[in-house]
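Report on the structure
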Amino acid sequence: LLAVVEQGLNIHDLNTKALFAIDEHNPHWKTFRAAAKIFQFGRLQYGGSDRGVYKKVMLKNPAMRLTLREFAAASARWMALHPKYVEWHDALKNEVTVTRRTKTAFGRLRIFMGNEEGIVREALSTRIQSPGASLVNRAMRRIYDERNKLGLKARFVCQVHDQLIMEAPDDEAERVRDLMVSCMEAPFDFRGVKRTVKVDPSIGNNFGEL
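Described below are features of the structure shown in this document.

What counts, and at which threshold
- Residues numbered from 1 in each chain as written.
- Predicted model: local features only at pLDDT ≥ 70, side-chain atom pairs only at ≥ 80, totals over all residues.
- Heavy atoms only, no water.
- Core = buried A, V, L, I, M, F, W, Y, C linked by side-chain atoms within 4.5 Å.
- Buried < 20%, exposed > 50% of the residue type's maximum accessible area, 1.4 Å probe, protein only.
- Helix = DSSP H or I, 4+ residues; strand = E, 2+ residues; numbered from the N terminus.
- Polar contact = N/O pair within 3.5 Å; in protein donor to acceptor, adjacent residues only side chain to side chain.
- Phe/Tyr/Trp six-rings, centres within 6.5 Å; stacked < 30°, edge-to-face > 60°.

**With respect to the nonpolar core**
Residues F20, V57 and W78 are the most contacted members of the largest nonpolar core, which totals 29 residues. Elements with a minimum of two residues in this core: α2 (11–20), α3 (29–45), α4 (50–60), α5 (68–81), α6 (83–99) and α7 (116–150). Of all the elements, α3 adds the most residues to this core, at seven residues. If you look at the next biggest cluster of nonpolar residues, it comprises 12 residues, including L152, L179, C183 and M184.

**Overview of the environment of E172**
Position of E172 relative to the elements: it lies in the loop between β4 (163–167) and α8 (173–184). Considered as a pair, E172 and K153 are 19 residues apart in the sequence and their alpha carbons are 7.9 Å apart. For E172, the side chain forms a polar contact with the main-chain nitrogen of K153, separated by 2.9 Å. One polar contact links the side chain of E172 to the main-chain amide nitrogen of A154, over a distance of 3.2 Å.

**Some details on the packing of aromatic side chains**
Enumeration according to the criterion identifies seven aromatic pairs in this entry. Considering the side-chain rings of F20 and F32, the 4.9 Å spacing of their centres and the 70 degrees angle between planes classify their relative orientation as edge-to-face. Here the residue F20 occupies a position in helix α2, and F32 occupies one in helix α3, the gap between them amounting to 12 residues. Aromatic side chains F39 and F71 sit 6.3 Å apart centroid to centroid with 75 degrees between the ring planes, which places their arrangement in the edge-to-face category. Of this pair, F39 sits in helix α3 while F71 is found in helix α5, placing the two residues 32 residues apart along the sequence. The exposure class of F39 is buried, given its relative accessible area of 0%. Three or more aromatic residues joined by ring pairs form one cluster here, namely F39, Y54, F71, W78, Y85 and W88.

Laid out in structure tokens, this is it:
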């Protein structure tokens, strides 16, 4: 995953190819890519079962005409191609069921209550999403401080997952965009190595244009 980010590749494109053994030239690429995104979040990040994720896939993409057996085979193919994920998942499951706690990549501790299936799903989401939330929160603070330092009129409107939305006068728009990019792409330390997450900025007259 680190290599994917560093090379500027798209994880959903790679997952689509691994799951369904097709490429961008397939006429149904967009449909299968949408299914791969559901697999990414539902199966890998939230710990859903093949059957449960399959139902969501078919609800959103009935035109795929995919059977449960075919989807389970695709899921098994992905797991076989990513043994390190399976190893990581099993280690996390063991950790949280034994200790009922885990730490994120930045050291944030979370303690879990509830049944085993529920806490494993929560632990998966915590370990994957919490570091991303920490990076966004740090970037927001940097942007806010720099905006104040520069005396800009721009202001935060909202946050949508890893997307930050600011409203600014027309004459500040490009300057604010560049400021947001520099703050969001600021290097951070991950296990002793400096990492950077690239962002894709846009300017629009309303939310729908971003």
